[in-house]
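An overview of the molecular structure
One letter stands for each residue in the lines below.
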Amino acid sequence: ILALQNEPPPQYAGSVQAVVYTLRSIANQGDDLKRRMIALGAVQTLVSTISGSTDHSTKGVAAAVIRSLSFISGRVVQDYPAAVATLTHLLMTLDDPKIQKCLMETLQNFSVHGAAYLGPAIPRFVQLLQPNEGRPFPEAEECAALVLHNLAVAEEYRPLILEAQALPLLQGMLQNPGTQQRRVQLYAMGCLHYLSFDKTIVPHLVTSGAVHTAMGLMNPAPGKPRHPLVLEHITGMLLNMAQCLEMQQALAHVGCIEGLLRELGASKGTATSKHNSAVALNYLCFENAENKRKVVEAGGVPLILALMRMAQVPSQHRESLVATLQSISVEGGHCRSIFEHGGVEALLTLMSSPDRTPVTIEYAVGTLRNMGSDAAVLEAVVACEGVAHMAQVLEDSDATSAAKDAAAGVLLSISWEPVLCGALATTAVVSALLDVVCSVWASGKLREAVLSTLQNLSVVDAARPLLMECGAIYILAAVLWDNTSHAVSKEGAVFTLLHICIDNPKCQRLVAETGVMAAVRAFATQYTHTRDVEQQILRFCDEMDAMIKGPSGLVASSTKGSGPLAKDDMPNACCDYDKLISSQLGNLWLDLDDGDASESEPSPGHEAELEKHVQVDHRAEVETTDGTTMVAPANPAQAPAMIGAQKYLEIRSQVLTESADAVVADNGPYKSTLPADTDHAI
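It should be emphasised that the depicted structure is a prediction, and the values quoted were computed from it without experimental measurement.

So, the overall build of the protein
- When helices and strands are counted, the protein shows 38 helices and two strands.
- Among the 682 residues that make up the protein, the fraction classed as buried is 55%.
- Surface summary for the protein: the accessible area is close to 28,700 Å², and the carbon and sulfur share equals 53%.

Some remarks on the confidence of the model for the protein
- Per-residue pLDDT for the protein averages 75, and the proportion of residues at 70 or more is 73%.
- Low pLDDT, under 50, characterises residues 551-649; the predicted model gives this stretch 208 contacts beyond four residues in sequence or across chains.

Quick word on the pattern of salt bridges
- Per the counting criterion, the structure on display carries twelve salt bridges.
- Of the charged contacts in the structure, one is a salt bridge between Asp355 and Arg318, with a shortest N-O distance of 2.7 Å. With Asp355 in the loop between helix 24 (343-351) and helix 25 (358-370) and Arg318 in helix 22 (residues 315-329), the pair connects residues that are 37 residues apart, well separated along the chain.
- For Asp355, a relative accessible area of 30% gives the class partly exposed.
- Under the relative-accessibility criterion, Arg318 is labelled buried at 5%.
- Its salt-bridge partner being Arg521, residue Asp542 comes within 3.3 Å of it at the nearest N-O pair. On the criterion of sequence distance, the pair formed by Asp542 in helix 36 (residues 531-549) and Arg521 in helix 35 (residues 517-526) is long-range, its members being 21 residues apart.
- Using a relative accessible area of 43% as the deciding quantity, one classes Asp542 as partly exposed.
- On the accessibility criterion, Arg521 (28% relative accessible area) is partly exposed.
- Taken together, the salt bridges that share partners define one network made up of Glu290, Arg293 and Glu297.

Considerations on the environment of Val437
- Mapping Val437 onto the fold places it in helix 29 (residues 427-437).
- Distance in space between the C-alpha atoms of Val437 and Val450 is 7.1 Å, their sequence separation being 13 residues.
- Not counting chain neighbours up to four residues away, the residues in contact with Val437 comprise Arg447, Val450, Leu451, Leu454, Ile475 and Val479.

What to know about helix 19 (residues 271-285)
- Here helix 19 spans 21 Å end to end across 15 residues, near enough to the 21 Å set by a 1.5 Å rise per residue.
- Among all positions in helix 19, only Ser273, Lys274, Asn276, Ser277, Ala278, Val279, Ala280, Leu281, Asn282, Tyr283, Leu284 and Cys285 are buried.
- Immediately beyond the C-terminal end of helix 19, within one or two residues, lies Glu287, with a positive phi of roughly 50°.

Considering the environment of Ser413
- Tracing the chain through its elements places Ser413 in helix 28 (residues 401-415).
- In sequence terms Ser413 and Gly372 are 41 residues apart; their C-alpha atoms lie 6.1 Å from each other.

Looking at the environment of Ala63
- Turning to its location among the elements, Ala63 is positioned in helix 5 (residues 56-69).
- Under the relative-accessibility criterion, Ala63 is labelled buried at 1%.
- Taking the C-alpha atoms as reference, Ala63 lies 9.0 Å from Thr49; in sequence the two are 14 residues apart.
- Discounting chain neighbours no more than four positions away, the residues touching Ala63 are Ile50, Ile99, Cys102 and Thr106.

Considerations on helix 20 (residues 289-297)
- Among the residues making up helix 20, those that are buried are Asn291, Lys292, Val295 and Val296. One side of helix 20 holds all its buried residues, which, seen down the axis, span an arc of 140°.
- In this fold, the buried residues of helix 20 make contact with helix 17 (248-253), helix 18 (256-265), helix 19, helix 21 (300-309), helix 22 and helix 23 (332-340).
- Two or three places before Glu290, at the opening of helix 20, Asn288 has a side-chain oxygen 3.3 Å from that residue's backbone nitrogen.
- After helix 20 finishes, the residue Gly299 shows a positive phi value of roughly 80°.

So, the packing of helix 5 against helix 8 (residues 97-111)
- Where helix 5 meets helix 8, the axes come as close as 9 Å, and the angle between the chain directions of the two elements is 20°. As the angle between them shows, helix 5 and helix 8 are arranged roughly parallel. Seen from above, helix 5 lies across helix 8 with left-handed handedness. Facing His56, Lys59, Gly60, Ala63, Ala64, Ile66 and Arg67 of helix 5, the residues of helix 8 in contact are Ile99, Cys102, Glu105, Thr106 and Asn109.
- Along the lines of polarity and charge, the residues of the contact of helix 5 with helix 8 split into five nonpolar, four polar and three charged.

Details of the packing of helix 18 against helix 19
- Running from N to C, helix 18 and helix 19 point in directions that differ by 145°, and their axes come no closer than 9 Å. Here helix 18 runs over helix 19; the crossing is left-handed. Residues Cys256, Ile257, Leu260, Leu261, Glu263 and Leu264 of helix 18 touch helix 19, and the partners they reach there are Ser273, Lys274, Ser277, Ala278, Ala280, Leu281 and Leu284.

Cut-offs applied
Residues numbered from 1 in each chain as written. Predicted model: local features only at pLDDT ≥ 70, side-chain atom pairs only at ≥ 80, totals over all residues. Heavy atoms only, no water. Helix = DSSP H or I, 4+ residues; strand = E, 2+ residues; numbered from the N terminus. Buried < 20%, exposed > 50% of the residue type's maximum accessible area, 1.4 Å probe, protein only. Areas by Shrake-Rupley, 256 points an atom, 1.4 Å probe, with all protein chains shown as cover. pLDDT = per-residue confidence, 0-100. Contact = heavy atoms within 4.5 Å. Salt bridge = Lys/Arg side-chain N within 4 Å of Asp/Glu carboxyl O. Expected span 1.5 Å × (residues − 1). Arc of directions from axis to C-beta. Polar contact = N/O pair within 3.5 Å; in protein donor to acceptor, adjacent residues only side chain to side chain. Axes fitted to C-alpha atoms, helices over the stretch in contact; angles between N-to-C directions. Parallel < 35°, antiparallel > 145°, perpendicular 65-115°, else oblique. Left-handed = near helix turned anticlockwise from the far one by under 90°. Nonpolar A, V, L, I, M, F, W, Y, C, P; charged D, E, K, R; others polar.

As structure tokens, then:
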């Protein structure tokens, strides 16, 4: 039949019409025959018929058959792009309404597959959106809007839609009050949503009024329903636009923050629209103090906390909420609002929830760290057993490096409060801190915070025996032997050793026998800022040397300048040294070069990491004063590996076995699609 149709003239009378009608009958028999027709070239034959026939009836039937074949248009688009281009040209030139309808519906089907060569037809489809345009058939506006909706999914068509001046028309379609136009409204909003993926088009969405009109659809007049799919497109568009930092203020000016909060708190709405709203709100707050203030003033803090407490909220949705809360907490003035609405309890509860993720924990701990400049917040953290949560984060192999940094910051802030510092004197906390110091994955900044925390903790009377029992002496000695340790880390190690040795001859002997005093003496002359501190450290070294050389050990004395180290001889905490003083409590990070720090994630099991650094060679064994045996390093530079790993492993294993204060289990696997947000540093 196709061969007959493709014969050159002269053809017998009526053959063209007969062939077209026959093809229509075959196409009506089912999809299998349609596929065979497409494979044999029926599309090209029918397109030629529409182009060359002078009979309107034959043209109309041929157009109807092509429309029927377009329902399985994937094969047509793939194999016959030239036919698609011809149909696009015919749509622009033919004026028969029935044929135009068939061609538009055919191209509509083709547009589902992102058909090539549809670009030239975009101006015609935009023209059909004109309210006063004479439309060839009633459904022309809906069909044109749907084609533009489908084409906007493809990146290459978005600039063409913008150039065709479609934005004002699409914005006008959103305002159509007729309920029969809800599908047109959906297609128009979908097109605007997909256009917002192009960052160059985003400013035009604001200037055209499309965003303002979309915000009105999020808060319709009483009695007007909200289309759930329209809301998904609106929130999706706002999410894309919020990622453009230059658009943050413009979006806030048209009421986006209030609209997103209303959508989050609405009893109805899809999970997609609520998730889009949460992430968009997070982006709007990113490094924008004014938008954060608007969120707080609009009641965003209690709403976010309430949603965080709801068990039915999906984990990804909760991640976005707590990320927004952390971003708000960067502005110190808003931390009080978070605290007054029960933020500490909500964040700690979130950290222990069954569906927690590493990202959730990272943002939750980051929020608490930002709030740590308020003593009342730290009291609430201690009262809600938050110290144990922080220790768990430090020990968790799945926790992110940012989460570990934040957890160390919270513990450091607590250690600066004399009334609260004693809460850190537990086996779990001390073990977690020491694990960080001797772990190869810990960054230099993290070690500095942990060692400063140990320095403050060592002032507490109850903590000093615990530090000694957990093997802190050997870890601190390793830090001092390590030439790559930063000055702040060594300072924390030195003063922690000094504090542990207060009124404790046994501890003083152990410190002396580590052979670390040479490193301590070198630190005193190289790093300290004040003469008084230097003299205290050098005096400590003299006492240790005298103990090793003297036949009778240390002589008991409380007079400053001679005798053993007594409690009154030592400063109280690292806050007495100007190197660690900061204008804000909790904001203790120093901008030091951390080029030697490892940013890789920890592998499961800190003990395995430590054992990798135990050096095996022939060394002399020395019996210490308390009856234990210690390996004497052949080379002092090898002391960190020998003391910091081998001895600590033995002591830690024994302490944790005997203690009921064990480390909490790991969190589990990490699965999240939340975009990264770096706006979490004070």
